[in-house]
Amino acid sequence: MTPVTTHPNPTFAQLGVRDEIVRALAENGIEHAFAIQELTLPLALAGDDLIGQARTGMGKTFAFGVPLLHRITTDTERPLTGIPRALVVVPTRELCIQVYEDLVHASKYLMADDTRKLTVTAIYGGRPYEPQIEALQKGVDVVVGTPGRLLDLAQQGHLQLGGLNVLVLDEADEMLDLGFLPDIERILKQIPAKRQAMLFSATMPDPIITLARTFMTQPTHIRAEGVQGSATHDTTEQFAYRAHALDKVEMVARILQAEGRGATMIFTRTKRTAQKVADELGERGFRVGAVHGDLGQSAREKALKGFRNGDVDVLVATDVAARGIDIDDITHVINFQIPEDEQAYVHRIGRTGRAGKTGIAVTLVDWDELPRWSMIDKALGLDTPDPAETYSNSPHLYDELNIPTEAGGSIGKPARSADKPKREPREPRAERPARDRTRRRTRGGQSVSGHPEGTPDAADTSSSEASDSDSAGDGAPRPARRRRRRRPNKASTAGTAAGTSAGTN
DNA sequence: AAAAAAT
């Protein structure tokens, strides 16, 4: 069981973070450090290499962002010159934007010298070169970027990597995976050998850690509470259902009618399917957006922005949006197609249940997906009921999905859909007050008010030597949002109790 | 075999 701590986590001020940063964080409602942040700060400030692991939505961005900003502005031997001193590499463009914005907020009051503000810039593809090049020419202290554009601008001579003091790989296991590894190696070649490297992710497979150690200096592996287990949250209720591919959209439509449903993310395995599902749900009247790699960059950003601000309440995406994206009030994650591996599953459902909130994850498993699903289920110890057992040829199979709703019932009934016209005029925008519809960032996974979750006491810190090594529409009834949440009491809870023991990697 | 990431 989770140890009960009577003391709240320490504040950033208590942890010795400089006042400019403390003030900026406070303006965003952040005062207390999450476990991963508290554990990371002393080592990160000392310049140590480290691998930071904490569950999704538990504040990894500021775990590297805060010490990074503190350190490069406090090093009197190396004043900031406008040549990049810190580089954060991320796997997707949208995550790049998000991390960039977090760092901009946190650095609001920081000066590079007596006359110049500290500058952060985002370098990513799908957008014109000129503004990014101009920003670099004006002088930049911190760069956040995706690999392709970073290398491109480095090769063109616009991005100077020789002055880097700090390198961060966010979603590090993804960055060191086959698809990205060559790019990362190219970047590593261009940065000074004597630098601090910090790697963060909720998931860190052993082979990746072994690989990481080849370019790190005696890294400390910091694992915040919880990640030793399944790395999924016990605040997120998980379900798996057997589904015919052809029925999946109908099942999703019913899930989307769950009472108390807030924002919902639907993940697919392919770009085509993502678009198709988005289109079909749109036809059914849901306010839906799509994010995948076949869309133009502005369409991707527009969809995500609409989802953030509440104009859209269903977002269909490929795994491009599986990692890092931090949006408040995502109550449901639906795996329309099962993910590639357990890491992808962990990150997908990690879009809900963030910062101690509750969430519901539903995975729809087609016949040909059963073997892979059972592998994921086993690898994570989810112990969901075998979806095969829910198999039936009955057309009424999905009448009861058995997913608890806020009202205490189950969803799955067609809910008047039979006599309902496929499409109704949408309610005017003004119908709900804008503020009520606005979905906020959770600010790096940190609750905007109250104490963050996490008990540092339960954290397992191990040094590199000691333990070796080890982140609606109207066609359907409008869901009631923001009701008081009732804890679902049936079906399978994932994960081990977030705590000390049972820590088999 | 898929997605992502430079054009």
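Keep in mind that this is a model prediction, so the values were computed, not measured. (Residues numbered from 1 in each chain as written. Chains lettered and ligands numbered in written order. Predicted model: local features only at pLDDT ≥ 70, side-chain atom pairs only at ≥ 80, totals over all residues. Heavy atoms only, no water.)

So, the overall build of chain A
Counting secondary structure elements, chain A contains 16 helices and 14 strands. The burial tally for chain A puts 58% of its 505 residues in the buried class. (Helix = DSSP H or I, 4+ residues; strand = E, 2+ residues; numbered from the N terminus. Buried < 20%, exposed > 50% of the residue type's maximum accessible area, 1.4 Å probe, protein only.)

Quick notes on the protein's contact with DNA strand B
Surrounding DNA strand B, one finds 22 residues, the nearest of these being R149, T270, K271, G293 and R300. Sugar plus phosphate: this is where 78% of the atoms of DNA strand B within 4 Å of the protein reside. At 3.1 Å, a side-chain N or O of R93 approaches a phosphate oxygen of DNA strand B. Separating a sugar or linking oxygen of DNA strand B from a backbone N or O atom of R269 is a distance of 3.4 Å. For the surface near DNA strand B, the element with the most residues is helix 6 (residues 147-155), which contributes four residues. Residues that form the surface near DNA strand B fall into these classes: five nonpolar, ten polar and seven charged. (Near = heavy atom within 4 Å. Polar contact = N/O pair within 3.5 Å; in protein donor to acceptor, adjacent residues only side chain to side chain. Nonpolar A, V, L, I, M, F, W, Y, C, P; charged D, E, K, R; others polar.)

Brief notes about the pairing of strand 2 (residues 86-89)
Taking every second residue as pointing to the same face, both faces of strand 2 are buried, with A86 and V88 on one and L87 and V89 on the other. Two strands pair when backbone bridges link them, and strand 2 and strand 5 (residues 166-170) are joined in this way by four bridges, in the parallel orientation. By the bridge assignment, V88 is partnered in strand 5 with V168. (Pairing = 2+ DSSP bridges.)

Some details on the confidence of the model for chain A
Per-residue pLDDT for chain A averages 80, and the proportion of residues at 70 or more is 73%. Scored below 50 in pLDDT, residues 391-397 shows seven contacts in the model against residues more than four places distant or in partner chains. Counted against residues more than four places away or in other chains, residues 447-505, with its pLDDT under 50, gives 178 contacts. (pLDDT = per-residue confidence, 0-100. Contact = heavy atoms within 4.5 Å.)

Let's talk about the domain arrangement of chain A
Domain boundaries in chain A define domain 1 (33-223) and domain 2 (236-426). Opposite the 21 residues of domain 1 that make contact, domain 2 presents 18 residues. Interface area, domain 1 with domain 2, both sides summed: about 1600 Å², of which 51% is carbon and sulfur. On the domain 1 side of the interface with domain 2, the three residues burying the most area are T56, E94 and Q98, jointly 35% of the side's total. A salt bridge links R323 to D173; its shortest N-O distance comes to 2.9 Å. Here domain 1 is connected to domain 2 by eleven residue pairs in polar contact (both at pLDDT 80 or more). With five residues, the single largest contributor to the side of domain 1 that touches domain 2 is helix 4 (residues 93-106). Taken together, the residues of the side of domain 1 that touches domain 2 break down into seven nonpolar, eight polar and six charged. (Domains from an automatic or database assignment. Buried area = accessible area lost by both parts, 1.4 Å probe. Salt bridge = Lys/Arg side-chain N within 4 Å of Asp/Glu carboxyl O.)

Here's the deal with the environment of I338
Among the structural elements, I338 can be located in the loop between strand 12 (330-335) and helix 13 (342-349). Distance from I338 to R372, taken between C-alpha atoms, is 8.0 Å for residues 34 residues apart in sequence. With near-sequence residues (within four places) excluded, I338 lies in contact with R269, R348, T363, L364, V365, E369, R372 and W373.

Structural notes on the pairing of strand 4 (residues 142-145)
With burial as the criterion, each face of strand 4 is covered, one bearing V142 and V144 and the other bearing V143 and G145. As paired elements, strand 2 and strand 4 share four bridges and run parallel to each other. The residue bridging L87 from the neighbouring strand is V143, located in strand 4. The sheet contact formed by strand 3 (residues 120-123) and strand 4 spans four bridges and is parallel.

Some words on the nonpolar core
Among the nonpolar cores identified, the biggest contains 48 residues, and F12, L68, L69, V88 and V142 are the most heavily contacted of them. Among the elements that line this core, the one with the most residues is helix 3 (residues 60-74), at seven residues. Core analysis: the next-biggest nonpolar cluster, separate from the first, contains 34 residues, I51, I123, L181 and I191 among them. (Core = buried A, V, L, I, M, F, W, Y, C linked by side-chain atoms within 4.5 Å.)

What to know about the pattern of salt bridges
Inspection of the entire model under this criterion finds 23 salt bridges. The shortest N-O distance in the salt bridge between R23 and D19 comes to 3.4 Å. You can see R23 and its partner D19 sitting in helix 1 (residues 19-27), four residues apart, about one turn around the helix. Given a relative accessible area of 46%, D19 falls into the partly exposed group. With a closest N to O distance of 2.8 Å, E301 and R127 form a salt bridge. Separated by 174 residues along the polypeptide, E301 in helix 12 (residues 297-309) and R127 in the loop between strand 3 and helix 5 (129-138) bring together distant segments of the chain. Salt bridges linked by common partners bring E171, D173, E174 and R323 together as one network.

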